[in-house]
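The lines below spell out each chain.
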Amino acid sequence: MGIAAKRKNGSMATADVVVCGAGIAGVATAYFLTVELGVERVVLCDPRPPLTLTSDKSTECYRNWWPNEPMVALMNRSIDLLDGMVEESGNAFHLNRRGYLYVTADRDRARSLETVATAISELGAGALRIHAGRSSDPAYRPDDRRGADLITDRRLVRTYFPFLTDQTVAALHVRRAGWFSAQQLGEYLLGRAKDAGLTLLPRRLTAVETDGGRVKSVTLDDDTTIRTGSLVNAAGPLIRDVAALMGEELPVTSELHLKVAYREHRRVIPPDAPMLIWNDPQQIDWSSEAAEYLGEDRQTRFLLDRLPAACHGRPEGAPESPYVLALWEYRRRVMQPVWPVPIDPMYPEVVMRGMSTMIPGLSVYRDRMPYSTVDGGYYTRTAENRPLIGPMATSGAFILGALSGFGVMAAAAAGELVARHVTGEPLPGYAPAFQLSRYEDPAYLDGITETIEDGGQL
Ligand SMILES: Cc1cc2nc3c(=O)[nH]c(=O)nc-3n(C[C@H](O)[C@H](O)[C@H](O)COP(=O)(O)OP(=O)(O)OC[C@H]3O[C@@H](n4cnc5c(N)ncnc54)[C@H](O)[C@@H]3O)c2cc1C
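As the structure is a prediction and not an experimental result, all values here were calculated from the model.

Cut-offs used in this document
- Residues numbered from 1 in each chain as written.
- Predicted model: local features only at pLDDT ≥ 70, side-chain atom pairs only at ≥ 80, totals over all residues.
- Helix = DSSP H or I, 4+ residues; strand = E, 2+ residues; numbered from the N terminus.
- Rg over C-alpha atoms; globule rule 2.2 N^0.38 Å.
- Buried ≥ 20, exposed ≤ 12 C-beta atoms within 10 Å, placed from the backbone.
- Contact = placed C-beta atoms within 7 Å.
- Near = placed C-beta within 6 Å.
- Domains from an automatic or database assignment.
- Core = buried A, V, L, I, M, F, W, Y, C linked by C-beta atoms within 7 Å.
- Nonpolar A, V, L, I, M, F, W, Y, C, P; charged D, E, K, R; others polar.
- Pairing = 2+ DSSP bridges.
- Axes fitted to C-alpha atoms, helices over the stretch in contact; angles between N-to-C directions.
- Bend = angle between axes of the 7 residues up to and from the residue.
- pLDDT = per-residue confidence, 0-100.
- Expected span 1.5 Å × (residues − 1).
- Arc of directions from axis to C-beta.

J.: Whenever I open this one, the overall build of the chain confuses me. Can you help?
T.: When you go through the chain residue by residue, the secondary structure sums to eleven helices and 23 strands. Taking 458 residues into account, the globule formula puts the C-alpha radius of gyration at 23 Å, and the chain, at 23 Å, falls close to it. Dimensions along the principal axes, computed over C-alpha positions, put the chain at roughly 65 × 55 × 50 Å. A burial count over the chain gives 47% of its 458 residues as buried. Here the analysis covers contacts within the chain between residues at least 6 apart in sequence; of these, 73% occur between residues at least 24 apart.

Structural data, given as C-alpha cells:
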C-alpha cells in the first residue's frame, strides 16, 4: 500500500527512501529507485507541482562535450540512458541530435578551440575530424552522431551554415549533443515511477530527525512524520536549506541565469539549425544615442564595455515554429535565490544584439524587436562546476544537487548514481569525482584549477 493511503495529519508513516524535491533530479532519482532498482516504498515530496521551479526553465540542451574525464563519462552515461529511453518510449520527449556549433571569428581563439577540442576528444568524447580544405580531410557529414568536426574551411562553413557571419574563421560542430523536452522526459520518468509504486506528496520537508548521526525520520509541512532511514536531498537551488536541517553546509552558490524566447517571425535562423554558440567576447555596436543613454546610468554603463563570450541560442519547437531561445550571461550575478527571479528589462535587446554578431541577418530586428518573453532560474553550482552526488555527512542522507547549467542532461546518470549510493549497489568509476568526500583530498582543489575554460559552462 502506498504511503499516502496511510497518512493523516500528525501521523507516522514509513518509507524506504524519501526524496526531497520533484525537479528533474528528484524525479530521475525516484525513477531509478523504483523502476530500475525495485525499491518499494519511495516517497517524493515537493510543495510545488513537479518540474516547475528550475527544470522547466532550462534550454533543454545536452552534450557529452565537457572539459574533464568524470564529466565526459557522466554525460556519456546519461546520453546512453536517454537513448535507451528514446527507444522505450517512442521518443516521448522529442530528443534530437542536432549538435552544438561553437563559432569564432578570432584566429587565436580558433587555435585554442582546436587545442581544447583535441583534449576533450581524448577524454572520451569521441573522434575529432578536422576540415581545413585539404584533399586528405575526411568528408563533413551533416548527420554524424559522434565526436566533433572542426571546420576551418570557410567554403564548408558557408555551404552548411550560410547564416553565420562571413567573419567566421572556425566552427566546431559537437555531435553527441542536441536537445529534448525536459518537461516531457520528467513526465515520462514520473509516470513510470508512479506505476512502480512511487508516492508523490505535495508537501515541503521541514525537519529531519536523527538518532546517533543517522536519519531516523522526516517531517513535512502538514506535520506528517515519515519514518525512514534514507533521505535524498534533491532540492535544486534550495539544497543548502535542506542540508541546514541536518546542521550541514554545502559548498555551493547560486547564479541567476535568464533565457529569452523570441518570436523570430522573419525566420533568419533555420528551423534545423544546431545549438549556436558565439565563442568570442564582443563589444556591442550601439547607436550613439543608445550609447549616451546607457553611459549615463551606473547600472547600464557596463553594456558599453567588452562583454563575455558564449552568447548562444537555438530554434525551438516543430519545424514550422517561429520561436528561438537565446541566452547570454553578459553579467554574472551570484545571489541568494529569490522568486520570482529578477528580470533585466534590457535582456531581450542585449541578447539579440549579441546574437546578431554571429548571425548578421538578425540585425533586421535592430530597430524593432520581435515579441519576446524572458524567464530564468539559478545555476546552483560548486566552484569547479561538478555536481554533488553521493552521501552527506549525516548517515542515510544523500545529496543530488549542484547541477548548475547541466541538470537536465545529467539527470538520468545522476539519478541512477544517487540511487545506487542509496541502495548500496556497485558504483561506476566516476562516482568518487562527484562525492562530497572529494573536498577532503588536498590534491583535489589543486587539480580542479586545471579544468579547461571555466568548467565548460554555457
Ligand atoms: C536559464 C537556464 C537554462 C538552462 N539550460 C540547461 C540546458 O540547456 N541543459 C541542462 O542540462 N540544464 C540546463 N539548465 C540547468 C537545469 O535546468 C538545472 O540544473 C536543473 O533543472 C536542476 O534540477 P533540480 O531538480 O536539481 O532543481 P529544481 O528543478 O529547481 O527542483 C528542485 C525542487 O525541489 C523542491 N524543494 C526545495 N526545497 C524543498 C523542501 N524543503 N521540501 C520539498 N521540496 C523542496 C522545489 O520546490 C523544486 O521543485 C538551465 C537552467 C537555467 C536556469
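Right, picking up where we left off after that structure.
J.: I tried to follow the site of the ligand on my own but got confused; where do I start?
T.: The environment of the ligand is made up of 40 residues, and the closest members are Gly-21, Gly-23, Thr-54, Gly-236 and Gly-407. Broken down by secondary-structure element, the contributors of at least two residues to the shell around the ligand are α2 (24-36), β4 (61-63), β15 (253-263), β21 (372-381) and α10 (407-423). Counting only domains with at least three residues in the shell around the ligand, you end up with domain 1 (3-90 + 181-251 + 383-456) and domain 2 (100-176 + 254-379).

J.: It is not clear to me how the nonpolar core should be interpreted in this structure. Could you clarify?
T.: Nonpolar side chains in soluble globular proteins tend to end up buried together. Counting residues in hydrophobic clusters, the biggest one holds 137 residues, and the most contacted among them are Val-18, Cys-20, Ala-28, Val-42, Val-232, Ile-277 and Ala-414. Mapped onto the domain boundaries, this core takes at least three residues apiece from domain 1 (3-90 + 181-251 + 383-456) and domain 2 (100-176 + 254-379). Not counting residues within four places of it along the chain, the set of residues in contact with Ala-28 comprises Leu-189, Ala-411, Ala-412, Ala-414 and Gly-415.

J.: When you look at the domain arrangement of the chain in this model, what are you seeing that I'm missing?
T.: Many authors give the size of an interface as the accessible area that is lost as the parts come together. For the chain, the domain assignment lists domain 1 (3-90 + 181-251 + 383-456) and domain 2 (100-176 + 254-379). A separation of 31 Å is found between the C-alpha centroids of domain 1 and domain 2. The partner domain 2 presents 22 residues to the 20 residues of domain 1 that form the contact. When residues of the side of domain 1 that touches domain 2 are traced back to their parent elements, those giving at least two are β4 and α3 (69-89). Considering every element that reaches the side of domain 1 that touches domain 2, the biggest residue donor is α3, with five residues. For the side of domain 1 that touches domain 2, the class distribution of residues is nine nonpolar, seven polar and four charged.

J.: Please clarify how the sheet that holds strand β8 (residues 170-174) should be interpreted in this entry.
T.: One key point about sheets: their strands pair by backbone hydrogen bonds, in either a parallel or an antiparallel sense. The strand order across the open sheet built from nine strands is β6-β7-β8-β5-β16-β19-β20-β15-β21, with neighbouring strands paired in mixed fashion. The strands lining the two open edges of the sheet, one partner per strand, are β6 (128-131) and β21. Taking the axes of each pair of neighbouring strands and ignoring which way they run, one obtains an average angle of 20° across the sheet. Sheet analysis places strand β7 (residues 148-151) next to β8, joined by four bridges and oriented antiparallel. Paired with Leu-150 across the strands is Leu-172, a residue of β8. Along the sheet, helix α4 (residues 107-125) makes contact with β5 (100-104), β6, β7 and β8, crossing β7 at roughly 160°. Each of β5, β15, β16 (275-278), β19 (311-315), β20 (323-327) and β21 touches helix α9 (residues 347-358); the most contacted strand, β19, lies at about 85° to it.

J.: Before we go on, may I ask you to explain the pairing of β20 in this structure?
T.: Successive side chains on a regular strand alternate, one facing one side of the sheet and the next facing the other. Taking burial as the measure, the five residues of β20 include five buried ones, the bulk of the element. The sheet contact formed by β15 and β20 spans four bridges and is antiparallel. Note that in β20 the partner of Arg-263 across the bridge is Tyr-323. Looking at chain direction, β19 and β20 are connected through four bridges and run antiparallel. Bridging across to β20, Arg-314 finds its partner in Leu-325.

J.: Is there a simple way to explain α10 in this structure?
T.: Structural remark: α-helix, 3.6 residues per turn; residues separated by three or four positions point the same way. The sharpest bend along α10 reaches about 40° and sits at Ala-413. The buried fraction of α10 amounts to 16 of the 17 residues, a majority that puts the element mostly inside the structure. Among the residues trailing α10, Gly-424 stands out with phi positive, at a value near 75°.

J.: Can you walk me through the sheet that holds strand β23 (residues 397-401) in this structure?
T.: Strand order in the open sheet made by the six strands is β10-β3-β2-β14-β23-β22, with mixed pairing throughout. For this open sheet the edge positions go to β10 (199-201) and β22 (388-391), each flanked by a neighbour on one side alone. Going across the sheet, the axis of each strand differs from the next one's by a mean of 20°, ignoring polarity. With four bridges connecting them, strand β2 (residues 17-20) and strand β3 (residues 42-45) associate as parallel partners. Note that in β3 the partner of Cys-20 across the bridge is Cys-45. Running at roughly 175° to β23, α10 makes contact with β2, β14 (231-233), β22 and β23 of the sheet.

J.: Would you take a moment to explain the environment of Trp-278 for this structure?
T.: Among the secondary structure elements, Trp-278 is positioned in strand β16. Here Trp-278 falls in the buried class, since 26 other C-beta atoms lie within 10 Å of it. A C-alpha to C-alpha distance of 15 Å links Trp-278 and Thr-152, two positions 126 residues apart in sequence. Filtering out sequence-adjacent residues up to four positions away, Trp-278 remains in contact with Val-103, Ala-309, Cys-311, His-312, Gly-354, Thr-357 and Met-358.

J.: Quick question: what am I supposed to make of the confidence of the model for the chain here?
T.: It should be kept in mind that the predicted coordinates are not to be read in detail where pLDDT is low. Per-residue confidence for the chain averages 95 on the pLDDT scale, and 95% of its residues sit at or above 70. Segment residues 1-10 is flagged for pLDDT under 50; beyond a separation of four residues in sequence, or across chains, it makes 18 contacts in the model.

J.: How should I be thinking about the environment of Phe-406 in this particular structure?
T.: The residue Phe-406 is located in the loop between β23 and α10 in this model. We classify Phe-406 as buried; it has 28 C-beta atoms within 10 Å. With 25 residues separating them along the chain, Phe-406 and Arg-381 place their C-alpha atoms 10.0 Å apart.

J.: Is there a simple way to think about helix α6 (residues 182-195) in this case?
T.: The terminal C-alpha atoms of α6 lie 20 Å apart, and with 14 residues this matches the ideal 20 Å at 1.5 Å per residue to within 8%. Three or more residues of α6 are buried, namely Ala-182, Leu-185, Gly-186, Leu-189, Leu-190 and Ala-193. Along the axis of α6, the buried residues cluster in a sector spanning 130°; they form a single face. Contact partners of the buried residues in α6: α2 and α10. Directly beyond the C-terminal end of α6, a positive phi value near 110° is found at Gly-197.

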